[in-house]
Amino acid sequence: NIEARILMLTDQLAAGLKVKANDLLSGKPREKSGIVTFQHADLSVDDIFQRLENHKIIASVRGEGVRLSPHVYNTEDEIDRVLNVLP
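Residues numbered from 1 in each chain as written. Predicted model: local features only at pLDDT ≥ 70, side-chain atom pairs only at ≥ 80, totals over all residues. Heavy atoms only, no water.

Engineer: Describe the overall build of the chain, naming the residues involved and giving the relevant values.
Structural biologist: Along its length, the chain carries three helices and four strands. Secondary structure elements of the chain, listed N to C terminal, follow the sequence α-β-β-α-β-β-α. Its C-alpha radius of gyration of 12 Å places the chain within 12% of the 12 Å reference for a compact globule of 87 residues. Overall, the chain is about 35 × 25 × 20 Å in size when its C-alpha atoms are taken along their principal axes. Taken over 87 residues, the chain has a buried fraction of 38%. In the chain, 57% of the contacts between residues at least 6 apart in sequence involve partners at least 24 apart. As displayed, the chain has an accessible area near 5300 Å², and 51% of this comes from carbon and sulfur atoms. Between the mean site of the 11 positive side-chain charges and the mean site of the 13 negative ones, the chain shows a separation of 2 Å. (Helix = DSSP H or I, 4+ residues; strand = E, 2+ residues; numbered from the N terminus. Rg over C-alpha atoms; globule rule 2.2 N^0.38 Å. Buried < 20%, exposed > 50% of the residue type's maximum accessible area, 1.4 Å probe, protein only. Contact = heavy atoms within 4.5 Å. Areas by Shrake-Rupley, 256 points an atom, 1.4 Å probe, with all protein chains shown as cover. Lys, Arg positive; Asp, Glu negative; His and termini not counted. Charge placed at Lys NZ, Arg CZ, Asp CG, Glu CD.)

Here you go:
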């Protein structure tokens, strides 16, 4: 049940990021886990990270991407909040 919940949140996040012109570096269908790393088409990694941090959303910079790690205690509304913060 825990794995299914985490993967459902990861799918929700990955789908929303793709709609907003982000390139997924992880979290692709064959690489599913509780980690999603992405880049935005127009914003730098630092800009994305700062935007999330300004909204008290915990993320980290990993290489050339921003990493988010949904977990079982996160809600669908929290995933939507992350997506609403991003352009």
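Engineer: Go over the pairing of strand 2 (residues 36–40), please, and point to the residues and values.
Structural biologist: Within strand 2, four of the five residues are buried, leaving the element largely enclosed by the surrounding structure. Across three bridges, the pairing between strand 1 (residues 22–24) and strand 2 is antiparallel. Along strand 2, the bridge assignment pairs Asp23 with Gln39. (Pairing = 2+ DSSP bridges.)

Engineer: Would you mind going over the nonpolar core in detail, with residue names and values included?
Structural biologist: Ranked by internal contacts, the top residues of the largest apolar core, which has 19 residues, are Leu13, Leu17, Phe38, Leu52, Val66 and Leu68. Every residue in contact with Leu13, bar those within four places of it in the chain, is listed here: Val36, Leu68, Pro70, Ile79, Val82 and Leu83. (Core = buried A, V, L, I, M, F, W, Y, C linked by side-chain atoms within 4.5 Å.)

Engineer: Can you break down the packing of helix 1 (residues 2–19) against helix 3 (residues 76–85) residue by residue, with the values?
Structural biologist: The interhelical angle for the contact between helix 1 and helix 3, taken along N-to-C directions, is 25°, at an axis separation of 10 Å. In terms of their interaxial angle, helix 1 and helix 3 are classed as roughly parallel. In the crossing of helix 1 with helix 3, the sense of the turn from one axis to the other is right-handed. Only Glu76, Ile79, Asp80, Val82 and Leu83 of helix 3 make contact with helix 1, whose side of the interface consists of Arg5, Met8, Leu9, Gln12, Leu13, Gly16 and Leu17. Counted by class, the contact of helix 1 with helix 3 contains seven nonpolar, two polar and three charged residues. (Axes fitted to C-alpha atoms, helices over the stretch in contact; angles between N-to-C directions. Parallel < 35°, antiparallel > 145°, perpendicular 65-115°, else oblique. Left-handed = near helix turned anticlockwise from the far one by under 90°. Nonpolar A, V, L, I, M, F, W, Y, C, P; charged D, E, K, R; others polar.)

Engineer: Would you mind going over the pattern of salt bridges in detail, with residue names and values included?
Structural biologist: Following the criterion strictly, the structure yields one salt bridge and no others. With its nearest N and O atoms 3.1 Å apart, the salt bridge here joins Glu76 to Arg5. Taken together, the residues Glu76 in helix 3 and Arg5 in helix 1 connect sequence positions 71 residues apart. (Salt bridge = Lys/Arg side-chain N within 4 Å of Asp/Glu carboxyl O.)

Engineer: How would you summarise helix 3 if you had to cite specific residues and measurements?
Structural biologist: Among all positions of helix 3, only Ile79, Val82, Leu83 and Val85 are buried. Along the long axis of helix 3, the arc covered by the buried residues comes to 165°, so they all point the same way. The exposed set on the far side of helix 3, more than 90 degrees from its buried face, consists of Asp77 and Asn84. Looking at the packing, one finds that the buried side of helix 3 touches helix 1, helix 2 (45–54) and strand 4 (65–68). (Arc of directions from axis to C-beta.)

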